[in-house]
Amino acid sequence: SLSAGLDLPGRFLFATLTLMTLIAILVFIEEAVYIYRKIPSSKRSIIIWINAAAPVISTTSCIGMWVPRSTMFTDFTAGIFFAIVIHKFLMMMIKECGGQKVLLRRFENGHFTISTGPCCCCCLCLPRVPITRQTLFWLKLGTFQFAVFRPVLIFLSIVLWTNGNYVLYNLSPKGPALWISCFIGALTLFALWAVGIMFRKVRILLKCKNIIPKFALYQFIVILNHLQTTIINIFATQKIIPCAPPLSSTARGSYIAQQLLIMEMFLITVISRVVYRRKYHDLEPPECVAEEPGDKKQTP
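Here is what the cut-offs are and how they apply
- Residues numbered from 1 in each chain as written.
- Predicted model: local features only at pLDDT ≥ 70, side-chain atom pairs only at ≥ 80, totals over all residues.
- Heavy atoms only, no water.
- Helix = DSSP H or I, 4+ residues; strand = E, 2+ residues; numbered from the N terminus.
- Contact = heavy atoms within 4.5 Å.
- Polar contact = N/O pair within 3.5 Å; in protein donor to acceptor, adjacent residues only side chain to side chain.
- Core = buried A, V, L, I, M, F, W, Y, C linked by side-chain atoms within 4.5 Å.
- Buried < 20%, exposed > 50% of the residue type's maximum accessible area, 1.4 Å probe, protein only.

Caption draft 1: Molecular detail of the environment of Gln100. Looking at the element boundaries, Gln100 is found in helix α4 (residues 100-106). Put simply, Gln100 and Arg133 are 33 residues apart on the chain and 8.1 Å apart in space, counted from C-alpha to C-alpha. Apart from the residues lying within four places of it in its own chain, the contact partners of Gln100 are Ile94, Arg133, Leu136 and Lys140. A polar side-chain atom of Gln100 sits 2.5 Å from a polar atom in the side chain of Lys140.

Here you go:
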């Protein structure tokens, strides 16, 4: 068994990381109960989904650490869950503005700046797009397509893997792994672009709701779960991370990525509890904001 092959420091490390995962799950359960009691029903499920991202990734990483053969399934489970969370984060920003109708009234003559990351941050010549029901639909579609197509592509990968045609670390042009990974990467960029466009517009309005720390936590999960893991896997396939018998380079890289994710997601779970637990006042209705200057003029 895995535990029998570990020395004393290894067992202590595994026990500590498992304990951190259990604490993260308990913190999330306590936070979910608080959200269920204190948050209005219109926002409740969305905020619980977003808060669940870090504990779910920590749990899948812990399972992959103890059961190495399950790594592909645990990574895919975390990927599917986070694809849904990206869409939920966009919907949360719309809900915090009062919903789609209220958001359209607040920004009646406003424009979206689409020259933002990660797709078009260098394309400053792109025109600004009016905020309409149609543009909101396209932004929501940008994240929804990721929540739909990523599970489909992951299911296809598992089918090919069981048939022996899909090798995770084989990135040759003849294999399906490279093309599926590139397609998932393109879908990810479009989804993150839609969230970035919306955040850039509402960040000042929702500053009172701490949207900037919430967005920062969401960005950290994206970077750590995708970019960090990809870099470690590339180092492992290129043998930059040396093998340590009985572990090969790829297996050792997978262990390092999982152990780092457990520690990082534990910290994000604790910080998320602080950020999302605060009581925030509802925004003023757009009519009141519009009428205030007129009322002040009539007073003298």
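Caption draft 2: Examining unusual backbone geometry more closely. For Asn210, which is not glycine, the phi dihedral falls at a positive 55 degrees. On the secondary structure map, Asn210 appears in the loop between α6 (176-202) and α7 (211-237).

Caption draft 3: Layout of the nonpolar core. Judged by nonpolar contacts, the single largest core of 65 residues is most densely connected at Phe89, Met93, Leu103, Met198 and Tyr218. Mapped onto this core, the elements with two or more residues apiece are α1 (8-38), α2 (41-66), α3 (71-96), α4, α5 (133-162), α6, α7 and α8 (249-277). Sorting elements by how many residues they give to this core places α3 first, with 14 residues. Every residue in contact with Tyr218, bar those within four places of it in the chain, is listed here: Phe82, Ile86, Phe89, Leu192 and Val195. Counting 9 residues, the second largest nonpolar core, distinct from the first, contains Phe14, Tyr255, Ile262 and Phe266.

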